[in-house]
Protein chains: 2
Amino acid sequence: MAALAGVSVSAVSKVVNDRPGISPPTRQRVLDAAEKLRWSPSATAVALRGARTRAIGMVAGRSADVLAADPHFSVLISGIEAELAPADYGLLLHIVGEEPDAEERAYRRLAEERRVDGVILTESRIGDTRFELLRQLGLPAVLVGTPWQPDPIVSVRAGGDDLDQGAGLRAAVDHLVELGHRRIAYVSGPEDRVHTVARRRLFEAALDARGLRPTRIVISEFTADAAVRALRRLLAEPERRPTAVLFANDTMAVAGMSAARRLGFEVPRDLSVIGYDDLPVGSLVYPRLTTVSQDLVQLGRAAATAMFRLLGEAAGTAGEPGADGSGADGPGADGPPAVRPPTLVVRESTGPAAG
Amino acid sequence: MAALAGVSVSAVSKVVNDRPGISPPTRQRVLDAAEKLRWSPSATAVALRGARTRAIGMVAGRSADVLAADPHFSVLISGIEAELAPADYGLLLHIVGEEPDAEERAYRRLAEERRVDGVILTESRIGDTRFELLRQLGLPAVLVGTPWQPDPIVSVRAGGDDLDQGAGLRAAVDHLVELGHRRIAYVSGPEDRVHTVARRRLFEAALDARGLRPTRIVISEFTADAAVRALRRLLAEPERRPTAVLFANDTMAVAGMSAARRLGFEVPRDLSVIGYDDLPVGSLVYPRLTTVSQDLVQLGRAAATAMFRLLGEAAGTAGEPGADGSGADGPGADGPPAVRPPTLVVRESTGPAAG
């Protein structure tokens, strides 16, 4: 187009980016050339900027109802948006379903068609191949969570080391033990997730530190129905019945609590219940849910901030100081804000162990 | 670029879109030219396609926690994604905060920088200026809900005419009256929303049809805290106390139900409670929430399908048959699927009126 307009590429760049230092006639020649070639100035600008899109991608290899079924996602996205919005970035959501390759195909398209400047990953899985794929694609990536094995990908999580990670579950176990509970069960999620296995182990370690073993551990799904089934199993056999149950997330805990009350068990009189995440639903219900609180909003913010930093560095190395999305215009220049370790929030669903 | 490469624009188009009919040397000349000008083939392709982005925009003039605080949004987005994903479209979310002009600025940027092919609007408001703005910007738009005044904007809603719209609330009132309730209150949301006012009026009409007047109508906010405050006011004065309360959404209803039980009122023994939307939380809690169900997922699907149809027609008139995003590759070719009218889902939170 520069050739057709008979001007320099930098002149084209100035025109399409609306920067000063261009004479009206030159500007007109560029716009005429653009029209002849049917470029849209915006797309031209995108190309000259090195295809900055001011969009961050998030791909979920889940069914489309993941946002409705798993509030965890919505809260995380709220945090991400809280950083993207002031920097005039949008979040490009692709919920691609659960076919094995759908997520990989989506990342390939995002990279090859330059639809986003980078992607934020969640749900770190055992044997996760996404980190390597994204490096091959040259797509900047930030993981919310811990990689399943040592990996150079930038990741953010609640608290720093494993000790931090376990703080919330240790506090939950201590809380229950101090209330006289000795028969404590755990309802876990699908163990293909890194955090699912990690939390179950942290729970076992916390019990062990108090000289206890889990009464029972049920490997379940992250759904309300699965939680109800798990709870029915836990309460079925009087001699093995726990006096307290921890659930891998709040939705499961609330569903389990309701199922217990439907079976005639008062919460917390007959059964204490603890959730994980501290989602809004926990304070909506009666009794209010005692839960391990991780700051998901702050996690989302930290992920977005880490992404801005990646993009800023990328722009820097690409010799494009001040390019859109550089750390300078995102809040990311100072690096990701720290995210506090998980803590216990004691509400109404825990009480003294039934004698 | 065509000029620099010394080939035709259509040849450039074929190369960047990877279509047949181009000799290797020609192809190479184009790629060389692209490299000289630092175009990315992808961005070039976007420009030649008329800047199709395969992204649909959604701007929320709300605080970043809207997704966390208002599950209604998440469910709607789930429906939108269910149509976008198979067509390889993404949803570009911009949650821009509540400053008066933030939403308008966001739409202007999306249009001027061609970041999306169209936008889906929600939360139709009284005096809404967005429809006119989007027409000025030439940005295809679909509204979920009913415009505040007759407007050419394409809109989708649950059920067709006003009679349909009221079906759920009429069924709710009939259900309560048949259970012996005569003192029925309504907790509404902020009345700057079109649907808020419409629902409150439909409730009044439904009562009127049974020869009743509302015991009380409280104009509130769409938040749990506001719902708790409203319920406390309703239960404060024994002589004016209702035996049943309808809430403008499920979150408010669940919060109100918990507040009532905390005040010593058993649900449904002392107070029947009905929500609106049929969000997942309603079946999580105990007692399960009786609610007016509108198919939000289907509403989202219908909005996305209507958008594909708009884009298809746009591509058609632009003489780009088969251009990406045309109705042909989206599920939208057949027009938006119908969305059923609201219906009542009777669960556990309603029962015979306290004598």
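Look up a bit, the structure's there.
Anyway, here's the lowdown on the structure attached to this text. (Residues numbered from 1 in each chain as written. Chains lettered and ligands numbered in written order. Predicted model: local features only at pLDDT ≥ 70, side-chain atom pairs only at ≥ 80, totals over all residues. Heavy atoms only, no water.)

### Here's the deal with the sheet that holds strand E2 (residues 90-95) of chain A
Across the sheet, which stays open at both edges, the ten strands sit in the order E5(A)-E4(A)-E3(A)-E1(A)-E2(A)-E2(B)-E1(B)-E3(B)-E4(B)-E5(B) with mixed pairing between neighbours. Single-partner strands in this sheet number two, and they are strand E5 (154-156) of chain A together with strand E5 (154-156) of chain B. Between one strand and the next, the sheet's axes are offset by a mean angle of 25°, whatever the strand orientation. Alignment of strand E1 (residues 55-60) of chain B against strand E2 (residues 90-95) of chain B, held across six bridges, turns out to be parallel. Within the sheet, the bridge partner assigned to Gly57(B) lies in E2(B) and is Leu92(B). Along the sheet, helix H6 (residues 71-84) of chain B contacts E2 of chain A together with E1, E2, strand E3 (118-121) and strand E4 (141-144) of chain B; its crossing angle with E2(B), the most-contacted strand, is approximately 150°. (Pairing = 2+ DSSP bridges. Helix = DSSP H or I, 4+ residues; strand = E, 2+ residues; numbered from the N terminus. Axes fitted to C-alpha atoms, helices over the stretch in contact; angles between N-to-C directions. Contact = heavy atoms within 4.5 Å.)

### Looking at the nonpolar core
Counting 155 residues, the largest nonpolar core has Leu246(A), Phe247(A), Leu246(B) and Phe247(B) as its most contacted members. The residues touching Leu246(A), leaving out its near neighbours within four places in the chain, are Leu169(A), Ala172(A), Leu176(A), Ile184(A), Ala185(A), Tyr186(A), Val187(A), Phe203(A) and Ile274(A). In terms of nonpolar packing, the next biggest core, distinct from the first, is built from 39 residues, Ala106(A), Val119(A), Leu121(A) and Ala141(A) among them. (Core = buried A, V, L, I, M, F, W, Y, C linked by side-chain atoms within 4.5 Å. Buried < 20%, exposed > 50% of the residue type's maximum accessible area, 1.4 Å probe, protein only.)

### Overview of the packing of aromatic side chains
Enumeration over the complete set of coordinates arrives at four aromatic pairs over all chains. One residue, Arg199(A), lies across the ring of Tyr276(A), its end atom 3.8 Å from the ring centre. (Phe/Tyr/Trp six-rings, centres within 6.5 Å; stacked < 30°, edge-to-face > 60°. Lys NZ or Arg CZ within 6 Å of the ring centre and 35° of its normal.)

### What about the environment of Arg199(A)?
All names here are of chain A. Tracing the sequence through the fold places Arg-199 in helix H10 (residues 194-209). Put simply, Arg-199 and Tyr-276 are 77 residues apart on the chain and 9.9 Å apart in space, counted from C-alpha to C-alpha. When near neighbours in sequence (up to four residues on either side) are disregarded, Arg-199 contacts Leu-169, Tyr-186, Ala-248, Tyr-276, Asp-277 and Gln-294.

### A word on the packing of helix H9 (residues 162-178) of chain B against helix H10 (residues 194-209) of chain B
All names here are of chain B. Between H9 and H10, the shortest axis-to-axis distance is 9 Å and the interhelical angle comes to 60°. Judged by the inter-axis angle, H9 sits oblique to H10. With respect to the hand of their crossing, H9 and H10 are arranged in right-handed fashion. Every residue of H10 that contacts H9 at Asp-162, Gln-165, Gly-166, Leu-169, Arg-170 and Val-173 is listed here: Arg-199, Leu-202, Phe-203, Ala-206 and Leu-207. For the contact of H9 with H10, the residue count by class is six nonpolar, two polar and three charged. (Parallel < 35°, antiparallel > 145°, perpendicular 65-115°, else oblique. Left-handed = near helix turned anticlockwise from the far one by under 90°. Nonpolar A, V, L, I, M, F, W, Y, C, P; charged D, E, K, R; others polar.)

### Side note on unusual backbone geometry
With omega at 10°, the peptide bond leading from Val267(A) into Pro268(A) counts as cis. Residue position: Pro268(A) is located in the loop between helix H12 (250-262) and strand E9 (272-277). Note that the residue after Tyr286(B), namely Pro287(B), is joined by a cis bond; omega there is -5°. Within the element layout of this structure, Pro287(B) appears in the loop between helix H13 (281-284) and strand E10 (290-293).

### Overview of the sheet that holds strand E11 (residues 343-345) of chain A
Residues and elements named next belong to chain A. Spatial ordering of the open sheet is given by E7-E6-E8-E9-E10-E11, a layout of six strands whose pairing is mixed. Either end of the sheet is taken by a strand with one partner, and the two such strands are strand E7 (216-219) and E11. Across the sheet, the mean angle separating the axes of adjacent strands is 20° when strand polarity is ignored. In the sheet, strand E6 (residues 184-188) pairs with E7 via four bridges, with the strands oriented parallel. If you follow Tyr-186 over to E7, its bridge partner there is Ile-217. Across the sheet, helix H9 (residues 162-178) touches E6, strand E8 (244-247), E9, strand E10 (290-293) and E11, and the angle it forms with E9 is around 170°. Along the sheet, H12 contacts E6, E8, E9 and E10; its crossing angle with E9, the most-contacted strand, is approximately 160°.

### With respect to the packing of helix H11 (residues 224-236) of chain B against helix H12 (residues 250-262) of chain B
Residues and elements named next belong to chain B. The geometry of H11 relative to H12 is characterised by a closest axis approach of 8 Å and an angle of 50° between their N-to-C directions. Taken together, the axes of H11 and H12 are oblique relative to one another. For the pair H11 and H12, the crossing hand works out as right-handed. Contacts from Ala-224, Ala-227, Val-228, Leu-231 and Leu-235 in H11 reach Met-252, Ala-255, Gly-256, Ala-259 and Ala-260 in H12.

### A short note on H10(A)
Residues and elements named next belong to chain A. With 16 residues, H10 ought to run about 22 Å at 1.5 Å a step, and its terminal C-alpha atoms sit 23 Å apart, in line with that. Of the positions making up H10, those classed as buried are Val-194, Thr-196, Val-197, Arg-199, Arg-200, Phe-203, Ala-206 and Leu-207. Against the buried residues of H10 lie H9, E6, E7, E8 and E9. After H10 finishes, the residue Gly-211 shows a positive phi value of roughly 70°. (Expected span 1.5 Å × (residues − 1).)

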